[in-house]
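The primary structure of each chain is shown beneath.
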Amino acid sequence: MRRKIMQNSPSWTLRTIPDQSGRVAVVTGANSGIGYVTARELARRGAHVVLACRDPERGQAALTRMQGEVPGARLELRRVDLGSLTSIREFAAGWDRDRLDLLINNAGVAMVPFALTADGFESQFGINHLGTFALTGLLLPHLLAAPDPRVVTVSSEGQRFARFDLGNLNAERSYWTAFAYVQSKRAGLYFAIELQRRADAAGLKLRSMAVAPGLTRTNVLTGGANSDRGRLYATVARLLVRVAFRPTPEGAKTSLYAATVSDLPGGSYIVPDGLLQLRGEPTRRTRERAIRDTGTAGRLWQLSERLTGVTYELPTATSARQP
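What counts, and at which threshold
- Positions within a chain are numbered from 1, following the residues in the order the chain's sequence is written.
- Per-residue local features of the predicted model are confined to residues with pLDDT of at least 70, and side-chain atom pairs are confined, for both listing and counting, to 80 or more; whole-chain, interface and lining totals are unaffected and use all residues.
- Calculation of side-chain values draws on the structure's entire complement of heavy atoms; hydrogens and water are dropped beforehand.
- Criterion used throughout: strands pair if DSSP finds at least two bridges between them.
- Under the scheme used here, helices are H or I runs from DSSP no shorter than 4 residues and strands are E runs no shorter than 2 residues, and both carry numbers assigned from the N terminus.
- With axes taken as lines fitted to C-alpha atoms, and helix axes fitted only over the stretch in contact, angles between N-to-C directions fall between 0 and 180 degrees.
- Definition used for salt bridges: Asp or Glu carboxyl oxygen within 4 Å of a side-chain nitrogen of Lys or Arg.
- Exposure classes here rest on a 1.4 Å probe applied to the protein chains alone. A residue is buried below 20% of its type maximum, exposed above 50%, and partly exposed in between.
- Throughout this description, any angle smaller than 35 degrees is read as roughly parallel, any larger than 145 degrees as roughly antiparallel, any in the 65 to 115 degree range as roughly perpendicular, and the remainder as oblique.
- The contact rule is simple, with two residues in contact once any of their heavy atoms fall within 4.5 Å.
- Note on residue classes: Ala, Val, Leu, Ile, Met, Phe, Trp, Tyr, Cys and Pro are nonpolar, Asp, Glu, Lys and Arg are charged, and everything else, Gly too, is polar.

A. Layout of the sheet that holds strand S4 (residues 102-105). Strand order in this open sheet of 8 strands is S3-S2-S1-S4-S5-S6-S7-S8, and the pairing throughout is mixed. Two strands bound the open sheet, and with one partner strand each, they are strand S3 (74-79) and strand S8 (282-284). Strand-to-strand twist of the sheet, defined as the mean angle between neighbouring strand axes without regard to direction, takes the value 20°. Sheet topology places strand S7 (residues 269-272) next to S8; 3 bridges connect them, and they run antiparallel.

Listed below in structure tokens is the structure:
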């Protein structure tokens, strides 16, 4: 099966990315890791890229570094904290361009100790899913003003192992770090595909994609809330990332593929084509149970609207169900 998939996958590298001149893109979490590479390569191809970052100092450092790596790049830094609905609303209210062509929902946290967001949500569910859901919904009018709008949501290969429990998404009954993480990433996949169903039902030109980056060297296991987990954890995590994970640009390939391949249909799920989706080249995966689970996706959508207070203004959205 692996051989067949690889034979059907065209050779695709970062150099394959077509010209992006004229596109306005927002990349959340663009100050490091996959988000940084994604933003940099879009800018390298001519896009105007907004680095949407939580920490202004780290964001400014990333912006300065990126400007040095891509002279003449069209870049700007704006603050948004996906753990705060107030911050998300401020970011969306401050959008002052006539349109938004591309939104890459990249920012997230992974395997963190139990904590609550500013709005009282369990942090992995609150940031990885609810923050993404709210930001996309509030930016939707600007996306629909673009000629060919696209939304890319970064899920994870780990979502395949989630035992998705709608009654414990917010750690209502119990909390296990790994379970909460893969569940939040399954929510991201449900969201991306459901957004496409609703856009299709409303006759909109929006394309929504989900991606899994594979095992990738980033600071998601060692930075942020994980930076306070002690010396032993930090040593083991850094060793694991260095030995088992692949370079960051390889992990960014699926995001960039989903964001730039011109004939990619909406509702695509892009993953590495290797064993267990852990590494390899970008390929479209259609045999994923979560993609077909319209019932759970619909209930999650309703729950997300209720928790965030963000309602997507889509014509006929309530009847948007496709097999």
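B. Geometry of the pattern of salt bridges. Overall, the coordinates contain 16 salt bridges when judged by the stated rule. Between Arg-40 and Glu-69 there is a salt bridge, with its nearest N and O atoms 3.4 Å apart. Taken together, the positions of Arg-40 in helix H2 (residues 33-44) and Glu-69 in helix H3 (residues 56-69) put the pair 29 residues apart, joining distant regions of the chain. Taking the relative accessible area as the measure of exposure, Arg-40 reaches 13% and is therefore buried. Between Glu-41 and Arg-44 there is a salt bridge whose closest N-O contact spans 3.1 Å. Here Glu-41 and its partner Arg-44 are both found in helix H2, 3 residues apart, which amounts to about one turn of the helix. Among the charged side chains, a network of salt bridges with common partners joins Arg-40, Glu-41, Arg-44, Arg-65 and Glu-69.

C. Just the packing of helix H5 (residues 123-144) against helix H10 (residues 294-308), in detail. Packing of H5 against H10 brings their axes to within 10 Å, and their N-to-C directions diverge by 85°. Considering their axes alone, H5 and H10 lie roughly perpendicular with respect to each other. Along its contact with H5, which presents Phe-125, His-129, Leu-130, Phe-133 and Ala-134, the element H10 presents Leu-300, Trp-301, Ser-304, Glu-305, Leu-307 and Thr-308. When grouped by side-chain class, the residues that make up the contact of H5 with H10 number 7 nonpolar, 3 polar and 1 charged.

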